Amino acid sequence: MNGFDNQPWTREEFEAQLRGMEKYYHIHHPYHTLMNEGKLTKEQLQGWVANRFYYQVSIPIKDANILANCPDRETRALWVQRILDHDGHPGDPGGIEAWVQLGMAVGLTREEITSQKYVLPGVRFAVDAYVNFARRAEWHEAASSSLTELFAPKIHQQRLDNWPEHYPWVDQEGYIYFRKRLTEARRDVEHGLAITLDWYHTREQQDRMVQILKFKLDVLWTMADAMYMAYIHHMPPYFNVGE
């Protein structure tokens, strides 16, 4: 590789590289393709909602880890809003409660969702890897790993557009989470992207950031892989092991 190839990307080129990672976003996973086309059964949709709940409850823990490692007061003052968005605050029960409502809208009970009894080992392992990364990484790197949010509004809008037609049995109250995240994710992207574009200056650093984003994309894709095996192929963990 010659010296020219190691030249840092401009701010615009760097952002374009990050946005180009959308091809690895789980919107393209077969599980999400089937979901978007209305081809999931009720049980398969319930499985997805139950497993994604573990991700939802882990996000504010991830963000708390970022805050614990961040010495910058102004960043903390903005980043803490993410925790409030998920955990709730006076006047807003929060995204975790909204996800519980989604679970109830697809026919699960509150206890079935909050007990995490249906969370697959592969999903738990992937989410825990993300939380542990945020706990141990330099705070800029941990913060910029959240930039899968660049691609989130599209997937939430798809669900709002397609689910009422494809899954008319889902209670409309369940869509609150998706509506909330349309606004929140765009706000979070603005802040996270600014941190990222300001921090990574050398080409080596920029390449490192692309790999961090790929890691987070791998987390989301791996979660979908585990669900696909369990609910589409009917091969849940230890399906071949006798009692």
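Residues numbered from 1 in each chain as written. Predicted model: local features only at pLDDT ≥ 70, side-chain atom pairs only at ≥ 80, totals over all residues. Heavy atoms only, no water.

Looking at the UniProt feature "domain: Thiaminase-2/PQQC" (unreviewed entry) in the protein
Convention followed: UniProt positions are given in the numbering used here, feature names are shortened, and annotations may be inferred rather than shown by experiment. Secondary structure elements are taken from DSSP: a helix is a run of H or I of four residues or more, a strand is a run of E of two residues or more, and numbering for both begins at the N terminus.
The UniProt record marks residues 16-225 with the feature "domain: Thiaminase-2/PQQC" (unreviewed entry), using the residue numbering of this structure. This span, residues 16-225, is 73% helix and 0% strand, and a straight line between its end C-alpha atoms measures 27 Å.

Points about the packing of helix α3 (residues 42-69) against helix α7 (residues 121-136)
Heads up, the condition is: Axis definition: a line fitted to C-alpha atoms, over the contacting stretch in the case of helices. Angles run 0 to 180 degrees between N-to-C directions. Throughout, the term roughly parallel applies to angles under 35 degrees, roughly antiparallel to angles over 145, roughly perpendicular to angles from 65 to 115, and oblique to all others. Note on contacts: a residue pair is in contact if any heavy atoms of the two residues lie within 4.5 Å. For this classification, Asp, Glu, Lys and Arg are treated as charged, while Ala, Val, Leu, Ile, Met, Phe, Trp, Tyr, Cys and Pro are nonpolar and the rest, including Gly, are polar.
One way to put it is that α3 packs onto α7 with a least axis distance of 8 Å and a crossing angle of 10°. Judged on the interaxial angle alone, α7 and α3 are roughly parallel. Here N51, Y54, Y55, S58, I59, I61, K62, N65, I66 and N69 of α3 come into contact with α7, specifically with V123, R124, V127, D128, Y130, V131, A134 and R135. Of the residues that constitute the contact of α3 with α7, the class distribution is 10 nonpolar, 4 polar and 4 charged.

A closer look at the pattern of salt bridges
Put simply, the rule is: Whenever Lys or Arg places a side-chain nitrogen within 4 Å of a carboxyl oxygen from Asp or Glu, that contact is recorded as a salt bridge. Summary of the burial criterion: residues with accessible area below 20% of their type's maximum are buried, those above 50% are exposed, and those between are partly exposed, where the area comes from a 1.4 Å probe applied to protein chains only.
Counted according to the given criterion, the structure contains 16 salt bridges. For R82, the salt bridge goes to E149, with nearest N and O atoms at 3.1 Å. One end of the pair, R82, is in helix α4 (residues 73-87); the other, E149, is in the loop between α8 (139-144) and α9 (152-166), and 67 residues separate them in sequence. A relative accessible area of 3% places R82 in the buried class. With a relative accessible area of 12%, E149 lands in the buried category. Residues participating in the shared-partner salt-bridge network are R82, D85, D92, E149, K180, R181, E184, R187 and D188.

A word on the packing of aromatic side chains
The condition that has to hold: Geometry of aromatic contacts follows a simple scheme: Phe, Tyr and Trp rings, the Trp one being its six-membered ring, pair when their centres are within 6.5 Å, and the pair is stacked under 30 degrees between planes, edge-to-face over 60, tilted otherwise. Here, over-ring charges are defined by two tests on the NZ atom of lysine or the CZ atom of arginine: distance to the ring centre within 6 Å, and angle to the ring normal within 35 degrees.
What the rule picks out here adds up to 15 aromatic pairs. A centroid spacing of 5.2 Å and a plane angle of 50° characterise the contact between F133 and F215, whose relative ring orientation is tilted. A residue pair is termed long-range when its members are at least 10 positions apart, and F133 in helix α7 and F215 in helix α11 (residues 203-232) qualify at 82 residues. Classification of F133 as buried rests on a relative accessible area of 17%. Judged by its relative accessible area of 26%, F215 falls in the partly exposed class. Through a chain of ring-to-ring contacts, the aromatic side chains of W48, W99, W163, Y167, W169, Y175, Y177 and F178 assemble into a single cluster. Across the ring face of W79, the terminal group of R82 is positioned such that the distance to the ring centre comes to 3.6 Å. Over the aromatic face of Y24 sits the side chain of K214, whose NZ or CZ is 5.0 Å from the ring centroid.

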